[in-house]
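# Observations on chain architecture
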Amino acid sequence: MSDITLSAELRTGNGSALAGRMRVAGRVPGVVYGQGVETRSISVDHRELRNTFSTSAKRAEEFNLVLDGVTHRVRIQELQRSPLNSQARHVDFLIV
């Protein structure tokens with residue numbers, strides 16, 4: 001098990017225009033969900049996500065996601081990347 005921690009922020013709006021503005025600002029839109037837990041729209045810092053998973057973590061590995069001061073044990077369910085530059089465009093976190 002990994003001691004990696006990634007922080008996330010809740011996002012209030014939805015839609016492609018908002019997601020595009022978030023990406024320009026260096027954020028990656030995403031969702032966090034799990035059994036018995038309400039699905040929440042979130043965003044994570046692009047650099048933090050990239051640095052976390054380029055060093056030691058694997059996509060299937062469990063890690064900690066801090067959201068509103070609460071730590072959840074999660075894994076990446078799906079990571080969508082841009083076909084042009086391979087940057088993360090959207091990420092789904094599954095609470096385990």
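Residues numbered from 1 in each chain as written. Predicted model: local features only at pLDDT ≥ 70, side-chain atom pairs only at ≥ 80, totals over all residues. Heavy atoms only, no water.

## Describing the nonpolar core
Counting residues in each nonpolar core, the largest one holds 19 residues, and the members touching the most others are Val 44 and Phe 93. Those elements that place two or more of their residues in this core are β1 (5-10), β2 (27-34), β3 (37-45), α2 (46-55), β4 (63-67), β5 (70-81) and β6 (88-95). With four residues, the single largest contributor to this core is β6. Excluding residues within four positions of it along the chain, Phe 93 makes contact with Leu 6, Val 31, Val 32, Tyr 33, Ile 42, Val 44, Phe 63, Leu 65, Val 74, Arg 75 and Ile 76. (Core = buried A, V, L, I, M, F, W, Y, C linked by side-chain atoms within 4.5 Å. Buried < 20%, exposed > 50% of the residue type's maximum accessible area, 1.4 Å probe, protein only. Helix = DSSP H or I, 4+ residues; strand = E, 2+ residues; numbered from the N terminus. Contact = heavy atoms within 4.5 Å.)

## Details of the sheet that holds β4
Strand order in the closed barrel formed by six strands is β1-β3-β2-β6-β5-β4, and the pairing between neighbours is mixed. Between one strand axis and the next, the sheet turns through 45 degrees on average, direction left out of account. Judged from the seven bridges that link them, β5 and β6 form a sheet pairing that is antiparallel. Along β6, the bridge assignment pairs Gln 80 with His 90. Contacts from helix α1 (residues 16-24) reach β2, β3 and β6 within the one sheet, and its direction differs from that of β2 by about 120 degrees. (Pairing = 2+ DSSP bridges. Axes fitted to C-alpha atoms, helices over the stretch in contact; angles between N-to-C directions.)

## Notes on the pattern of salt bridges
A full pass over the atoms with the stated rule returns two salt bridges. In this structure, Arg 27 and Glu 9 form a salt bridge, with 3.7 Å as the shortest nitrogen-oxygen distance. Of this pair, Arg 27 sits in strand β2 while Glu 9 is found in strand β1, placing the two residues 18 residues apart along the sequence. For Arg 73, the salt bridge goes to Glu 62, with nearest N and O atoms at 3.7 Å. In this pair, Arg 73 is assigned in strand β5 and Glu 62 in the loop between α2 and β4, connecting sequence segments 11 residues apart. (Salt bridge = Lys/Arg side-chain N within 4 Å of Asp/Glu carboxyl O.)

## Re the pairing of β5
In the case of a regular strand, side chains alternate between the two sheet surfaces. Where β4 and β5 come together, five bridges link them in antiparallel fashion. Note that in β5 the partner of Asn 64 across the bridge is Arg 73. Linking β4 back to β5 in an antiparallel pair, the connection comprises two residues, with Asp 68 at a positive phi of about 55 degrees. Where β5 folds back on β6, the antiparallel hairpin that results is connected by six residues, among which Ser 86 adopts a positive phi of roughly 65 degrees.

## Quick notes on unusual backbone geometry
Positive phi values are uncommon outside glycine, yet Asp 68 reaches one of about 55 degrees. The residue Asp 68 is located in the loop between β4 and β5 in this model.

## Here's the deal with the pairing of β6
Most of β6 sits out of view: seven of its eight residues are buried. Where β2 lies against β6, four bridges are found, and the strand directions are parallel. Residue Gly 30 lies in a different strand from β6, and its bridge partner there is Val 91.

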